[in-house]
Amino acid sequence: MGQPVPVSVVALDPMLHAGAISALESSPDVEVVGPGEPARVAVVLVGRLGHQEVELIRRVRDTPARPEVVIVATELAATETLYAIAAGARGLLRRREAGADRLVRAVLTADMGDCTLPPDIFDHVVAQGAAELSTDGPSPVPVGPPRREAPDELEVHVMGPARDEVLGKLRLAGVGLAARPAADTVTLVVTDTVDRAIDTCHRGSGAGTVIVAERFAPEAVLRAARLGVRTLLAADAATPARLVAAVRSARHGDGRMPYSVLMRMLGAASRKKQPLAADTGAIPLTARQTSVLRLMADGHGNGEIATMLSCSEHTVKNAIYELMARLQVRNRAQAVASAIRTGLI
């Protein structure tokens, strides 16, 4: 086991603040730090997601430590969830579902760079692009209640042409390996593409499925979601710890995928849905503005963007002001969400 992940908690309600700290302190994998101390992940407790809460995500992300953000909200709706993801949230949970185990899993997933969503929100977000990205029209995504919490003993059946390296990593992590899929095992399919993984695995078998792939075509991600596969992991990020975390996510029914894959998929759906700004007669963004917008979508602050683009923070602020005026939005989160919907990024 490595060093625990330092986590801060942000909540206006003292009781919610204390409850979240108590839940997090139940795990040796995380360490709650006080205000002003550097944290790799921040747990932010809110009521219903709105513009103010999205701005809070941005402010937390803009602090010097640049923590990943996990949102625990009283209610979550699909549209507001998209704004939160665009603002940089790496995990979203409903308060009634945010038990200690699930909250810790969301924190560890965010620290690893992936994004956790409730199963129904995950399905809804993925399904938004179904009609545009599919040649056979929209198809309902299977939506059901999250799986009940299961014992922590993990047993995995590994399939696919690239399974050998993953088998070694799972053995190193102490995960039990099953010779064949069964009702109490997680199936882990390791291959180059999501489409090939779907063709390899058995539909709906076992206690969940994890796809480990090198490439994530948006159409293939949609196809996987229709089959009930909600846990995807990039092959180049498949360390023993991340494999174990992904297996646990699948076993408990969490929706989980790399943040960058989720953003690209939403962008692809938007580009299919409506033409680019240049095709509608709108004034297109400059190359500088587009670069700034893409880095904003990745969650970078002004200082980091300036360093990456070899310019001053003043230049970055001017670019943001100008692109917000062109997109007719009021803040960074709205700019990113608008750009995703219209296919600008």
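Residues numbered from 1 in each chain as written. Predicted model: local features only at pLDDT ≥ 70, side-chain atom pairs only at ≥ 80, totals over all residues. Heavy atoms only, no water.

**Student:** Please clarify how the overall build of the protein should be interpreted in this entry.
**Tutor:** The secondary structure content of the protein amounts to 15 helices and 12 strands. Per-residue burial for the protein yields a buried fraction of 53% across its 345 residues. Summarising the internal contacts of the protein: among those between residues at least 6 apart in sequence, 68% fall at separations of at least 24. As presented, the protein carries roughly 15700 Å² of accessible surface, and 52% of it is formed by carbon and sulfur atoms. (Helix = DSSP H or I, 4+ residues; strand = E, 2+ residues; numbered from the N terminus. Buried < 20%, exposed > 50% of the residue type's maximum accessible area, 1.4 Å probe, protein only. Contact = heavy atoms within 4.5 Å. Areas by Shrake-Rupley, 256 points an atom, 1.4 Å probe, with all protein chains shown as cover.)

**Student:** Would you take a moment to explain the side chain of Glu68 for this structure?
**Tutor:** For Glu68, the position within the fold is in strand S4 (residues 68–75). A polar contact of 3.2 Å, which involves the side chain of Glu68, links it to the side chain of Arg61. In this structure the side chain of Glu68 is engaged in a polar contact, spanning 3.5 Å, whose partner is the side chain of Arg90. Setting aside residues up to four positions removed in sequence, Glu68 forms contacts with Arg40, Val41, Ala42, Arg61, Arg90 and Ala110. (Polar contact = N/O pair within 3.5 Å; in protein donor to acceptor, adjacent residues only side chain to side chain.)

**Student:** I'm lost on the packing of helix H12 (residues 287–297) against helix H14 (residues 313–327) in this one. Help?
**Tutor:** To characterise two packed helices, one gives the angle between the axes of the helices and the distance between these axes. At their nearest, the axes of H12 and H14 sit 9 Å apart, and the two run at 95° to each other. One element, H12, and the other, H14, form an angle in the roughly perpendicular class. Facing H12, whose interface residues are Arg288, Gln289, Val292, Leu293 and Met296, H14 presents Thr315, Val316, Ala319, Ile320, Glu322, Leu323, Arg326 and Leu327. Tallied by class, the residues present in the contact of H12 with H14 amount to 8 nonpolar, 2 polar and 3 charged. (Axes fitted to C-alpha atoms, helices over the stretch in contact; angles between N-to-C directions. Parallel < 35°, antiparallel > 145°, perpendicular 65-115°, else oblique. Nonpolar A, V, L, I, M, F, W, Y, C, P; charged D, E, K, R; others polar.)

**Student:** Mind showing me how you'd approach helix H13 (residues 302–309) here?
**Tutor:** Note that an α-helix has 3.6 residues per turn; residues three or four places apart therefore point the same way. What H13 keeps buried is the set Asn302, Ile305 and Ala306. All buried residues of H13 project into a common sector of 100° when viewed along the axis, lining one side. Positive phi appears at Ser310, one or two residues downstream of H13, with a value of about 55°. (Arc of directions from axis to C-beta.)

**Student:** Can you help me understand the side chain of Thr109 in this one?
**Tutor:** Here Thr109 is to be found in helix H4 (residues 100–111). The contacts of Thr109, once residues within four sequence positions are left out, are Asp114, Cys115, Thr116, Ser249 and Arg256.

**Student:** Sorry, what's going on with the pattern of salt bridges here?
**Tutor:** Close approach of charged atoms allows side chains of opposite charge to pair. Tallying each qualifying case throughout the model produces 20 salt bridges. The residue Asp114 makes a salt bridge to Arg242 at a minimum N-O spacing of 2.9 Å. Here Asp114 is found in strand S6 (residues 114–117), whereas its partner Arg242 is found in helix H10 (residues 240–252), with 128 residues between them in sequence. Here Asp114 falls in the buried class, since its relative accessible area comes to 2%. The class for Arg242 is buried, based on a relative accessible area of 14%. Taking the shortest distance from any N to any O, the salt bridge between Arg215 and Asp192 comes out at 3.5 Å. With Arg215 in the loop between strand S10 (209–213) and helix H9 (218–226) and Asp192 in the loop between strand S9 (186–190) and helix H8 (194–200), the pair connects residues that are 23 residues apart, well separated along the chain. Overlapping salt bridges, with partners in common, bring together Glu55, Arg58, Asp62, Arg66 and Glu304 in one network. (Salt bridge = Lys/Arg side-chain N within 4 Å of Asp/Glu carboxyl O.)

**Student:** For this particular structure, what's the right way to read unusual backbone geometry?
**Tutor:** Glycine aside, residues mostly have negative phi, and peptide bonds are mostly found in the trans state. Its identity is not glycine, yet Arg66 carries a phi of approximately 50°, on the positive side. Position of Arg66 among the secondary structure elements: in the loop between helix H2 (51–61) and S4. Owing to a relative accessible area of 17%, Arg66 belongs among the buried residues under this scheme.

**Student:** What exactly am I supposed to notice about the packing of H13 against H14 here?
**Tutor:** Two elements in contact, H13 and H14, have axes separated by 8 Å at closest approach and are oriented at 105°. Considering their axes alone, H13 and H14 lie roughly perpendicular with respect to each other. The residues of H14 that touch H13, namely those facing Asn302, Gly303, Ile305 and Ala306, are Glu313, Val316, Lys317 and Ile320. Each residue belonging to the contact of H13 with H14 can be placed in one class, and the counts come to 4 nonpolar, 2 polar and 2 charged.

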